[in-house]
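Listed below are the residues making up each chain.
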Amino acid sequence: MSNYKPDILIVGSGFYGTVLAERLANVLNKKVLIIERRKHIGGNCYSETDKKTNIEYHKYGTHIFHTSNQKVWDYINRFTEFNNYRHQVLSNIKNKVYQMPINLETINTFFNKNFSPVEAEKFINNKTKKFKNYKFKNFEDKAISQIGKELYNAFIKGYTQKQWGKKPKKLPESIFNRLPIRFSYNEDYYQQTQYQGIPKNGYTSIFKNLIKNKNIKIKFNQSYKLNYKIKPKFLTIYTGPLDSLLNYKFGKLEWRSLKFKYEKKKLKDFQGTAVMNYPELKKKYTRIHEPKHLHPEREVFKSNASLIIKEFSVLNDKEPYYPINDENNRIKHRKYKLEANKIKNFDFGGRLADYAYYDMDMTISAALKKFETIRKKIK
Ligand code: UDP
């Protein structure tokens, strides 16, 4: 295949790469070659079935598809159906279970009160008013100014420290914006989001459908270097991290990574929900996933076996998950970006290349936009 000349070479088979491949092949009739470092498709969204329990799980952590972007929703529904799953998260502290994000139920249970929404808001405002004019914009100050010290210490501090491996004062406030406090009993994790679900046939099926066109070829176990043996006619689209591409010339970008420990249980249901968070520092894992709950519509949901997956957060493992978006790393990334922009017939994007905490729908949206710019250039 090394004398095969594609029109476009795409590095990486996550959403960014495969959506672009699909558009380029189906709309512009281009020949696309995707190369993938791993032995499977789908990046960190990849799902597979555990042979023993027959339960499908997301190999790189539970992924809930959620979006309010109509374009993205219409687009992705051409490649999969979704079930009616609605994500809910619980948090376990001293063996007591609370709702997350913090809502009226969490507040009332935690403070042993029976507040109405207005009363709860007043109660929390009383705790936070002295922190409203916080000086430094960081995760901890932001969190305390929103929810007060007690709730912060119980639900957020330990979890955040375990997940990011840094003191929350060293983290950007933007991370906290992902889970605002609620003064209602609504426990839908993605309350603001219009559409939500898990692909009925698993994530991997979406990726297979995206690259069905015979003009799209994929090669696994292939790392990319700038002198890669296959040169495309028009363009290379790179979706990996920019630091390794450019030989770490400005230093390594830092990532949090995840490790998983699998346990099989001979019982129908272990924890009654898909994800249970464990904020206490004395528990080394951050959460326990029980993937059968993602597909209550499946026959296997009723079986007398369950797979549970404990999640541990680690720094800079081989597999990057979450960018550590602090000032240092952002400066480094900016330098890499400027450098990568100089490479001829080369483009890049997606979570790894952009060093960004993208949800799946944001990645798909970015790929669809990129397609529009590319199409003008290579038509
Ligand atoms: N977080 C927390 N306690 C929790 C859940 C989340 O402190 O029980 C914080 C933590 O800092 C985390 C951030 O909120 O990184 C965003 O949470 P989200 O659930 O969006 O993270 P993801 O599901 O993307 O890992």
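Above this note sits the structure.
Because the structure is predicted, anything quoted here is derived from the model rather than measured. (Residues numbered from 1 in each chain as written. Predicted model: local features only at pLDDT ≥ 70, side-chain atom pairs only at ≥ 80, totals over all residues. Heavy atoms only, no water.)

1. Describing the side chain of His-58
Thinking step 1. Along the chain, His-58 falls in strand E4 (residues 56-58).
Thinking step 2. Judged by its relative accessible area of 7%, His-58 falls in the buried class.
Thinking step 3. With sequence-adjacent residues up to four places away left out, His-58 is seen in contact with Tyr-46, Ser-47, His-63, Ile-198, Tyr-203 and Leu-294. (Helix = DSSP H or I, 4+ residues; strand = E, 2+ residues; numbered from the N terminus. Buried < 20%, exposed > 50% of the residue type's maximum accessible area, 1.4 Å probe, protein only. Contact = heavy atoms within 4.5 Å.)

2. Digging into the sheet that holds strand E9 (residues 216-219)
Thinking step 1. Spatial ordering of the open sheet is given by E9-E2-E1-E10-E16, a layout of 5 strands whose pairing is parallel. Across the chains shown, the open sheet's two edge strands, defined by having one partner strand only, are E9 and strand E16 (346-348). The sheet shows a mean angle of 20° between the axes of neighbouring strands, direction not considered.
Thinking step 2. Taken together, the 3 bridges between strand E10 (residues 235-238) and E16 define a ladder with parallel strand orientation. In the sheet register, Tyr-238 faces E16, and the bridge partner there is Phe-348. (Pairing = 2+ DSSP bridges. Axes fitted to C-alpha atoms, helices over the stretch in contact; angles between N-to-C directions.)

3. Quick word on the sheet that holds strand E12 (residues 275-277)
Thinking step 1. Judged by pairing direction, the sheet is mixed, and its 7 strands sit side by side in the order E7-E6-E12-E13-E14-E11-E15 without closing on themselves. Looking at the sheet topology across the chains shown, the edges are occupied by strand E7 (96-100) and strand E15 (322-323).
Thinking step 2. Two strands pair when backbone bridges link them, and strand E6 (residues 89-93) and E7 are joined in this way by 5 bridges, in the antiparallel orientation. Following the sheet pairing, Leu-90 is matched in E7 by Gln-99.

4. Remarks on the pattern of salt bridges
Thinking step 1. By the definition in use, this model includes 21 salt bridges.
Thinking step 2. The partner of Arg-375 in a salt bridge is Glu-372, with the nearest N and O atoms 3.5 Å apart. Here Glu-372 and Arg-375 lie together in helix H11 (residues 360-378), a separation of 3 residues that amounts to about one turn.
Thinking step 3. With relative accessibility at 37%, the residue Glu-372 sits in the partly exposed group.
Thinking step 4. Each of Arg-37, Arg-38 and Glu-319 takes part in one network of salt bridges that share partners. (Salt bridge = Lys/Arg side-chain N within 4 Å of Asp/Glu carboxyl O.)

5. Notes on the site of the ligand
Thinking step 1. Taken together, 16 residues lie around the ligand, and Arg-178, Tyr-189, Asn-277, Tyr-322 and Tyr-357 are the ones closest in.
Thinking step 2. In this structure, Trp-164 approaches the ligand through a side-chain N or O atom, which is 2.8 Å from an oxygen atom.
Thinking step 3. Tyr-189 places a polar side-chain atom, nitrogen or oxygen, 2.5 Å from an oxygen atom of the ligand.
Thinking step 4. Against a free-state accessible area of 530 Å², the protein chains account for coverage of 93% of the ligand.
Thinking step 5. Ranked by residue count, the leading element in the shell around the ligand is helix H6 (residues 149-164), at 6 residues.
Thinking step 6. For the shell around the ligand, a count of residues per class yields 11 nonpolar, 3 polar and 2 charged. (Near = heavy atom within 4 Å. Polar contact = N/O pair within 3.5 Å; in protein donor to acceptor, adjacent residues only side chain to side chain. Areas by Shrake-Rupley, 256 points an atom, 1.4 Å probe, with all protein chains shown as cover. Nonpolar A, V, L, I, M, F, W, Y, C, P; charged D, E, K, R; others polar.)

6. A look at the layout of surface pockets
Thinking step 1. Of the volumes computed, that of the second largest pocket is approximately 220 Å³.
Thinking step 2. Counting residues per element, the ones that place at least two in the lining of the second largest pocket are helix H2 (70-76) and H11.
Thinking step 3. In terms of residue class, the lining of the second largest pocket is made up of 3 nonpolar, 2 polar and 5 charged. (1 Å grid on protein atoms, 1.4 Å probe; cavity = no way out; pocket = protein on both sides within 12 Å on 5 of 7 lines; lining within 4 Å. Points joined across faces, edges and corners; volume = space filled by probe spheres on them.)

7. Describing empty space enclosed by the protein
Thinking step 1. Across all of its chains, the model carries 3 cavities of 30 Å³ or more by this definition.
Thinking step 2. Of the pockets and cavities examined, the largest cavity occupies roughly 50 Å³.
Thinking step 3. Lining the largest cavity, in full, are Tyr-57, His-58, Gly-61, Thr-62, Phe-260, His-289, Pro-291, Leu-294 and Ile-309.
Thinking step 4. When its residues are assigned to classes, the lining of the largest cavity shows 5 nonpolar, 4 polar and no charged.
Thinking step 5. Its boundaries defined by the atoms lining it, the second largest cavity holds a volume of some 40 Å³.
Thinking step 6. Lining the second largest cavity, in full, are Ile-55, Glu-56, Pro-291, Lys-292, His-295, Arg-298, Val-300 and Phe-301.
Thinking step 7. A class-by-class count of the residues in the lining of the second largest cavity yields 4 nonpolar, 1 polar and 3 charged.

8. Here we look at the nonpolar core
Thinking step 1. Residues Ile-107, Phe-155 and Tyr-224 are the most contacted members of the largest nonpolar core, which totals 60 residues.
Thinking step 2. It is H6 that provides the largest number of residues to this core, a total of 6 residues.
Thinking step 3. Ignoring anything within four residues of it in the chain, the contact list for Ile-107 reads Ile-102, Asn-112, Phe-115, Ala-120, Phe-123, Ile-124, Leu-151, Ile-181, Arg-182 and Phe-183. (Core = buried A, V, L, I, M, F, W, Y, C linked by side-chain atoms within 4.5 Å.)

9. Notes on helix H1 (residues 15-26)
Thinking step 1. In a regular helix each residue adds 1.5 Å, so 12 residues correspond to 16 Å; H1 covers 16 Å between its end C-alpha atoms and thus fits that length.
Thinking step 2. When you tally the buried positions in H1, you get 11 out of 12 residues, the bulk of the element.
Thinking step 3. Within H1, the full set of buried residues consists of Phe-15, Tyr-16, Gly-17, Thr-18, Val-19, Leu-20, Ala-21, Glu-22, Arg-23, Leu-24 and Ala-25. (Expected span 1.5 Å × (residues − 1).)

10. Digging into unusual backbone geometry
For residues besides glycine, phi is generally negative; the peptide bonds are generally trans as well.
Thinking step 1. At the junction of Met-100 and Pro-101, the peptide bond is cis and its omega measures out at -10° in the coordinates.
Thinking step 2. As for its placement among the helices and strands, Pro-101 is situated in the loop between E7 and helix H3 (104-110).
Thinking step 3. Its identity as a non-glycine residue notwithstanding, Asn-112 has a phi of 55°, on the positive side.
Thinking step 4. Mapped onto the elements, Asn-112 comes out in the loop between H3 and helix H4 (117-128).

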